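Each chain, written out:
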Protein chains: 2
Amino acid sequence: MAADAMSPKITVELLRQLRQVMKNSKYITEPIQAYIVPSGDAHQSEYIAPCDCRREFICGFNGSAGTAIVTEQHAALWTDGRYFLQASQQMDNNWTLMKMGLKETPSQEDWLISVLPENSKVGVDPWIIAADQWKNMSKALSSAGHSLVAVQDNLIDVIWEDRPARPSTKLITLGLKHTGLTWQDKVTALRGKMAERKISWFVVTALDEIAWLFNLRGSDIEYNPVFFAYAIIGMSNIKLFVDRKRLMEPVVREHLELDSPSKPELTIQCFPYESVYMELQAVCAALAPKEKMWICDKASCALTQVIPKAHRSAIPYTPLCLAKAVKNPTEIQGMKMAHIKDAVALCELFAWLEKEIPKGTVTEISVADKAEELRSQQKDFVGLSFPTISSVGPNGAIIHYMPLPETNRTLSLNEIYLIDSGAQYLDGTTDVTRTVHFGTPTDYEKECFTYVLKGHIAVSAAVFPNGTKGHLLDSFARAALWDSGLDYLHGTGHGVGCFLNVHEGPCGISYKTFADEPLEAGMIVSDEPGYYEDGSFGIRIENVVLVIPAKTKYNYRNRGSLTFEPLTLVPIQLKMINTDLLTQKERDWVNDYHKKCRETIGAELERQGRKEALDWLIRETQPIV
Amino acid sequence: MAADAMSPKITVELLRQLRQVMKNSKYITEPIQAYIVPSGDAHQSEYIAPCDCRREFICGFNGSAGTAIVTEQHAALWTDGRYFLQASQQMDNNWTLMKMGLKETPSQEDWLISVLPENSKVGVDPWIIAADQWKNMSKALSSAGHSLVAVQDNLIDVIWEDRPARPSTKLITLGLKHTGLTWQDKVTALRGKMAERKISWFVVTALDEIAWLFNLRGSDIEYNPVFFAYAIIGMSNIKLFVDRKRLMEPVVREHLELDSPSKPELTIQCFPYESVYMELQAVCAALAPKEKMWICDKASCALTQVIPKAHRSAIPYTPLCLAKAVKNPTEIQGMKMAHIKDAVALCELFAWLEKEIPKGTVTEISVADKAEELRSQQKDFVGLSFPTISSVGPNGAIIHYMPLPETNRTLSLNEIYLIDSGAQYLDGTTDVTRTVHFGTPTDYEKECFTYVLKGHIAVSAAVFPNGTKGHLLDSFARAALWDSGLDYLHGTGHGVGCFLNVHEGPCGISYKTFADEPLEAGMIVSDEPGYYEDGSFGIRIENVVLVIPAKTKYNYRNRGSLTFEPLTLVPIQLKMINTDLLTQKERDWVNDYHKKCRETIGAELERQGRKEALDWLIRETQPIV
């Protein structure tokens, strides 16, 4: 990724230029007093293509979440606890860092109201702000006498001289072997949901929903196997908006049945990506009085406002988002296979590290490269699922740290090492964090690690009723840390796609959300509590876990219970555990988990003839007493 | 309370009459197809005066929460898990019970949309529906082509022949000894908050906020020491709307400085209760263009809509609600005293029960009466804080059960007995639940009790960072039950007033809320997990607990930690505990708790010369090993 150095980006000149265009009638009818630069693209993607990294361009901060606001006098960036350190290092002092989640930090709205002169206009590109955010921001500003205005030309693009072009990579088609359902089956099921709710059209804007629906993948956005597209699904229409030259490949044409559709209602009409606005206008113009159209309330303000209010049904989660979250048996099997291969690569990595670290030549970057090399040897490897977080000592406290030449530390026997990494395989997506010490950890490091482990186990072993929302489990991950006055400033888990985005909705485990959908058997989330001490070290233990039915002694009101099955099968370093702090139940969990690692990954290491890694695995999975 | 029997109320004739007035042009301009009867009064009180029990009048169900909706064809009542059994017993089969919280239960909006003919009008009394509920309901109905209309005459009152008059009881004035702050100090502090937020007026509609602000109490609503009133507070005005004859008492006139105000800005202008609408209109008419007025978004739709949108700032919790929730040292001391006296009464009660039960003459009602008698012997007793829940065996599964002659069971050596009771004292409010067995509980009963106890302890002993919202602690109370496939269908805790309502916001411990305010030292909540088996028994263990700072080993980011101190000091029956299921930490908690009960309540029993209760206390607080 085109990541800048950890030294701050100098933004004096850029801010001067931006403030000039904010008053330039060539781009806006009336001068604006503030300009909002959100993080996302026109699809509200979390990870974005280089051409969409506008917020990074203007302020230098390149984390995955953050909003910049520039006024005539000020420039401020809001981001969350994962990025406080990183953002403060990447931005120069023209920028104020707004630490979200701290009591004293104002919201964007409150801050704007406090700094703006009376009757100000605040501009934003309506394509990259979500409809629900537009609504809240607009309401707050109006109530204070200001107004939010849509600026059609993106003002960052205006001053961004060498902005990259929008990518248009080759599409990959996925067969039943990987998807379990044809795209035709998925469209039909979707139409069933639409009919149930008397909805005649659905505007699909999220890239991963489009990729999942059509059983297609791309590589337009690094780490996320998606492609730029929109879709509008009607009860007898399928309109796909995508760069047409991507549909020239015979395998894609055949997959989508473009030349010989089997049924009229399963015929895909193809349009250029850019024509979605006009085509949606045309569809809306032809709507009957009572017809309703679904669009996600996180879709862009620009597209949402095309749909007349009377016809618009804005929903927090689309039926595709929900269908995609509950993995079918083929997808579950694929995810299991992907995690086995991924564990093989990591066992190799750790065995290699033990040998190499004493030589003093292993660095954060070289481990990340080695991990990628080992993963790429596994079958159906496609790429990484996110930039590898490979961090030694104090770098571990930067929650979403990526090693760069200027920050690159050497692994040693004296410091904690944290590696959070994952890959995309044709059969599934992985995401795993292990925190290890190659020498002798201090008692304090072990104590903190053990609290994090207790939290990890508390979630992983939790039994809870059907219908429970993931956010209700978040505190289980924190209880042991809280008891000692510790905590971590991020959520405990996120949904994970199947050969799709490593972060996906609508479920997760976080105190920050309330509107998450209840957990269901077949959903897949991460379980990743942590503890971070700025300037010293970072600890995180992450497994990807599958929601499965739980057998319980009783069954209150026949509701049934759920629990988690770890898909990640990589040993948790015993050396880091203060076993005195574990309960017997927790010790049993660790031993059971390690037994499963040894059996499942051991068999695969054996099959692949990876002797050294197998020896390492067997040694690292000895039961604790 | 004028509670009906547990046999269903016959509603055929009433529903016929209501459906007639729904079409009668004397009361409404156009016929309505549905009429909503909410639970509350014009102040959105939880407990209401007999004249406001309209929902009970129409359907028979008299629980504290529930909404009735009558259409031309249907009649349905929505209530939550505490009341499923009770509601099904109190309503005849003209009514459909809508069990809130179950997946299959439609929301009121969805149900209305599914049963109404096209373009229907749904009526509601705008004084007894909260503004935020009106907004949501109105939006949902409009999106389906219907409309929500305000019906000025309450249609239940029209058909309610012998409707009681609105009470106007004598006011009690509270001095500094009980309140810690004069009403003048409270008004000044409130104005400070208003100035901070540039608010020039605040319309106070919640009865407990008015009582707290003016250091006055009443008895208009049973169990809740409040009085019917409104207040409008400006930066230099105090307008109080209350039945004027209540202000004739010299002690009240002096307390409020009605005849000789000390300062002009602390002069109270008194108006009749009914004139709030017109006076608010007058205040609004005189507002300067940018002036803002606070009103709670739970205030009545009628009053909220008087304030022009441009001037209205609707807030989820008022500053009075927050200030009232954080008890000052005088209030904390008062609450502690109240709980000591209350524990004395309960120790007496349990010692008496042990002697009396074998005689076979003790019933649910006679225990409730005895408990009230014993409490009334304590200093500054005012009354009960809610109807005593006194339930034997299967009656215990009715979460908010009140014994009635028809349902009254005799206490025996064979069934579990649950008593949830509390009182109002001049110095504080109590609320305590104990579940006991006077013979030999079954293993299963003990197992369930022990899971509930583990949940109670998990909350009571929880340590959590400053700024944590109570809903994040709810799952701690359930974990032990969930592990065995059990659960309970109510929240874990509610805020408790100080000689005020036994249920108050804005804090609590419940999975159902998200917008609760963070817990702070000085807040007081209940901790009351339970387990209920329909037709068999109910278990609940409830203490009132005070939020206090916690001492922790570390202090992450200097945030500080909080925990709870039990104010309730009544032994938890050891006989019901399966100590094998407790961890050592849990055993220590029980022993520490019982030691505190013995020391604190023992001293008071000694002082009051209550020898038998003291013996009982000492026996019941032996340490477990």
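Calculation notes
- Residues numbered from 1 in each chain as written.
- Chains lettered and ligands numbered in written order.
- Predicted model: local features only at pLDDT ≥ 70, side-chain atom pairs only at ≥ 80, totals over all residues.
- Heavy atoms only, no water.
- Helix = DSSP H or I, 4+ residues; strand = E, 2+ residues; numbered from the N terminus.
- Buried < 20%, exposed > 50% of the residue type's maximum accessible area, 1.4 Å probe, protein only.
- Contact = heavy atoms within 4.5 Å.
- Areas by Shrake-Rupley, 256 points an atom, 1.4 Å probe, with all protein chains shown as cover.
- Lys, Arg positive; Asp, Glu negative; His and termini not counted.
- Charge placed at Lys NZ, Arg CZ, Asp CG, Glu CD.
- Least-squares fit on C-alpha atoms with pLDDT ≥ 70 in both.
- Expected span 1.5 Å × (residues − 1).
- Buried area = accessible area lost by both parts, 1.4 Å probe.
- Salt bridge = Lys/Arg side-chain N within 4 Å of Asp/Glu carboxyl O.
- Core = buried A, V, L, I, M, F, W, Y, C linked by side-chain atoms within 4.5 Å.
- Pairing = 2+ DSSP bridges.
- Axes fitted to C-alpha atoms, helices over the stretch in contact; angles between N-to-C directions.
- Polar contact = N/O pair within 3.5 Å; in protein donor to acceptor, adjacent residues only side chain to side chain.
- pLDDT = per-residue confidence, 0-100.
- Parallel < 35°, antiparallel > 145°, perpendicular 65-115°, else oblique.
- Nonpolar A, V, L, I, M, F, W, Y, C, P; charged D, E, K, R; others polar.
- UniProt positions renumbered as here; feature names shortened; annotations may be inferred.
- Patch = residues over 30% accessible without salt bridge, like charges linked within 9 Å, V, L, I, M, F, W, Y side chains within 5 Å.
- Left-handed = near helix turned anticlockwise from the far one by under 90°.

## With respect to the overall build of chain A
Across its full length, chain A holds 19 helices and 28 strands. Overall, chain A is about 70 × 60 × 50 Å in size when its C-alpha atoms are taken along their principal axes. A total of 625 residues make up chain A; the buried ones form 61% of that total. For chain A, the proportion of contacts with a sequence separation of at least 24, taken over those separated by at least 6, is 71%. Entry remark: accessible area of chain A is about 23600 Å², with carbon and sulfur atoms responsible for 53%. Computed over 65 positive and 77 negative side-chain charges, the separation of the two mean positions in chain A equals 5 Å.

## Digging into the relation of the copies chain A and chain B
Between chain A and chain B, which share one sequence, the superposing operator has a rotation angle of 180 degrees and an axial displacement of 0.0 Å; the RMSD is 0.0 Å. The transformation just described matches what one would write down for a two-fold rotation axis. Both copies present the same face, since 100% of the interface residues in chain A are matched by interface residues at the equivalent positions in chain B.

## Describing helix H16 (residues 443-460) of chain B
For H16(B), spanning 18 residues, the distance from its first C-alpha to its last is 25 Å, which sits close to the expected 26 Å at 1.5 Å a residue. With 14 of its 18 residues buried, H16(B) lies for the most part within the structure.

## A few points about the interface of chain A and chain B
The partner chain B presents 41 residues to the 41 residues of chain A that form the contact. Surface buried jointly by chain A and chain B totals about 3700 Å² across both partners, of which 54% is contributed by carbon and sulfur atoms. Considering only the side of chain A, the residues that lose the most area to chain B are Trp482(A), Tyr554(A) and Tyr556(A), jointly responsible for 19% of the buried surface there. Taken together, chain A and chain B are joined by nine salt bridges. Among the salt bridges present, the one from Asp483(A) reaches Lys585(B), with a minimum N-O distance of 3.5 Å. Of all the elements in the fold, those that place two or more residues in the side of chain A that touches chain B are helix H5 (131-143), helix H16 (443-460), strand S21 (464-465), helix H17 (474-483) and strand S25 (530-533) of chain A.

## A short note on the pattern of salt bridges
Going through the model one piece at a time under the given rule, you end up with 79 salt bridges over all chains. A salt bridge links Arg166(A) to Asp52(A); the shortest N-O distance between them is 2.9 Å. Note that Arg166(A) is positioned in the loop between helix H6 (155-159) and strand S7 (172-173) and Asp52(A) in the loop between strand S1 (34-37) and helix H2 (54-59), a separation of 114 residues in sequence. Of the residues examined, Arg166(A) reaches a relative accessible area of 33% and is grouped as partly exposed. Lys370(B) is the salt-bridge partner of Glu373(B), the closest N and O atoms lying 3.9 Å from each other. Taken together, the residues span about one helical turn, with Glu373(B) and Lys370(B) both in helix H15 (residues 364-376) at a distance of three residues. Bridged by salt links that share partners, the residues Asp52(A), Arg54(A), Asp157(A), Arg163(A) and Arg166(A) form one connected network.

## What about the nonpolar core?
If you look at the biggest cluster of nonpolar residues, it comprises 156 residues, and the most contacted ones within it are Leu353(A), Phe564(A), Leu353(B) and Phe564(B). The residues contacting Phe564(B), other than those within four sequence positions of it, are Val459(B), Ser460(B), Ala462(B), Phe464(B), Leu473(B), Ile509(B), Leu519(B), Val525(B), Val545(B), Leu546(B), Val547(B) and Ile548(B).

## A word on the sheet that holds strand S19 (residues 428-429) of chain B
Residues and elements named next belong to chain B. One open sheet holds the three strands; their spatial order is S15-S18-S19, and the pairing between them is antiparallel. In the strand order of this sheet, the two ends are held by strand S15 (381-384) and S19, each with one partner. Those strands touched by H15 are S15 and strand S18 (423-425), and its axis lies near 165 degrees from that of S15.

## Some points on the side chain of Glu604(B)
Residues and elements named next belong to chain B. Structurally, Glu604 is set in helix H18 (residues 584-607). We classify Glu604 as buried; its relative accessible area is 12%. Reaching out from Glu604, the side chain makes a polar contact with the side chain of Arg607 at a distance of 2.8 Å. At a separation of 2.8 Å, a polar atom in the side chain of Glu604 contacts the side chain of Gln608.

## Here's the deal with the environment of Ser391(A)
As for its placement among the helices and strands, Ser391(A) is situated in strand S16 (residues 389-392). In sequence terms Ser391(A) and Leu116(A) are 275 residues apart; their C-alpha atoms lie 41 Å from each other.

## Thoughts on the side chain of Glu279(B)
Residue and element names in this part refer to chain B. Within the fold, Glu279 resides in helix H11 (residues 276-285). Judged by its relative accessible area of 18%, Glu279 falls in the buried class. One polar contact links Glu279 to Lys239, side chain to side chain, over a distance of 3.1 Å. Discounting residues that sit within four places of it in the chain, Glu279 has contacts with Lys239, Phe241 and Phe271.

## Re the confidence of the model for chain A
Residues and elements named next belong to chain A. Per-residue pLDDT for chain A has a mean of 96; in total, 99% of the residues score no lower than 70. Confidence drops under a pLDDT of 50 for residues 1-5, and excluding neighbours within four residues, the segment shows 14 contacts in the predicted structure. This complex was scored by the predictor with a pTM of 0.92 and an ipTM of 0.91.

## Brief notes about the packing of helix H14 (residues 329-356) of chain A against helix H19 (residues 611-620) of chain A
All names here are of chain A. Where H14 contacts H19, the two axes come as close as 8 Å, and the packing angle between them is 90 degrees. When the interaxial angle is binned, H14 and H19 end up roughly perpendicular. Residue-level contacts link Cys347, Glu348, Phe350, Ala351, Glu354 and Lys355 of H14 to Glu612, Ala613, Trp616, Leu617, Arg619 and Glu620 of H19. In terms of residue class, the contact of H14 with H19 is made up of six nonpolar, no polar and six charged.

## So, unusual backbone geometry
Residue and element names in this part refer to chain A. Between Gly505 and the following residue, Pro506, the backbone shows a cis peptide bond with an omega angle of -5 degrees. Within the secondary structure, Pro506 is located in strand S23 (residues 504-509). Phi at Gln44 is positive, roughly 55 degrees, even though this residue is not glycine. Mapped onto the secondary structure, Gln44 falls in the loop between S1 and H2. Residue class for Gln44 comes out partly exposed when judged on its relative accessible area of 24%. Not every positive phi belongs to a glycine, and Asp380 is a case in point at roughly 60 degrees. Along the chain, Asp380 falls in the loop between helix H15 (364-376) and strand S15 (381-384).

## Topic: the UniProt feature "domain: Peptidase M24" (unreviewed entry) in chain A
Residues annotated in UniProt with the feature "domain: Peptidase M24" (unreviewed entry) correspond here to residues 334-547 of chain A. The straight-line gap between the two end C-alpha atoms of residues 334-547 of chain A is 15 Å; of that span, 30% is helix and 25% is strand.

## Some thoughts on a positive patch on the surface
Residues Lys135(A), Lys139(A), Lys309(A), Lys135(B), Lys139(B) and Lys309(B) make up a contiguous surface patch of positive charge. Elements supplying a minimum of two residues to the positive patch: H5 of chain A together with helix H5 (131-143) of chain B. With relative accessibility at 58%, the residue Lys139(B) sits in the exposed group.

## Things to note about the sheet that holds strand S6 (residues 147-150) of chain A
Residue and element names in this part refer to chain A. Read from one edge to the other, the open sheet built from six strands follows the order S4-S3-S2-S1-S5-S6, with strand pairing classed as mixed. Unpaired on one side and paired on the other, strand S4 (96-99) and S6 mark the two borders of the sheet. Neighbour to neighbour, the strand axes of the sheet diverge by 25 degrees on average, direction disregarded. Where S1 lies against strand S5 (residues 121-124), three bridges are found, and the strand directions are parallel. From the neighbouring strand, Tyr35 faces S5, where its bridge partner is Gly123. Each of S1, strand S2 (67-71) and strand S3 (75-79) is contacted by helix H1 (residues 12-21), which is oriented at about 70 degrees to S2, the strand it contacts most. Along the sheet face, H5 touches S1, S5 and S6 and points at about 140 degrees away from the line of S6.

## Some points on the environment of Val452(A)
All names here are of chain A. Positionally, Val452 belongs in helix H16. Given a relative accessible area of 0%, Val452 falls into the buried group. Sequence separation between Val452 and Leu486 is 34 residues; the distance between their C-alpha atoms is 9.9 Å. Every residue in contact with Val452, bar those within four places of it in the chain, is listed here: Leu481, Pro529, Gly530, Tyr531, Ile539 and Ile541.

## Considerations on the UniProt feature "domain: Peptidase M24 C-terminal" (unreviewed entry) in chain A
Within this numbering scheme, the UniProt entry marks residues 562-624 of chain A as carrying the feature "domain: Peptidase M24 C-terminal" (unreviewed entry). Note that residues 562-624 of chain A is 54% helix and 8% strand, and that its end C-alpha atoms are spaced 27 Å apart.

## Overview of the packing of helix H14 (residues 329-356) of chain B against H15(B)
All names here are of chain B. Running from amino to carboxyl end, H14 crosses H15 at an angle of 140 degrees, the nearest separation of the two axes being 9 Å. As the angle between them shows, H14 and H15 are arranged oblique. Here the hand of the crossing between H14 and H15 comes out right-handed. Each of Asp342, Ala345, Leu346, Glu348, Leu349, Trp352 and Leu353 in H14 lies in contact with H15, whose residues at this interface are Val367, Lys370, Ala371, Leu374 and Arg375.

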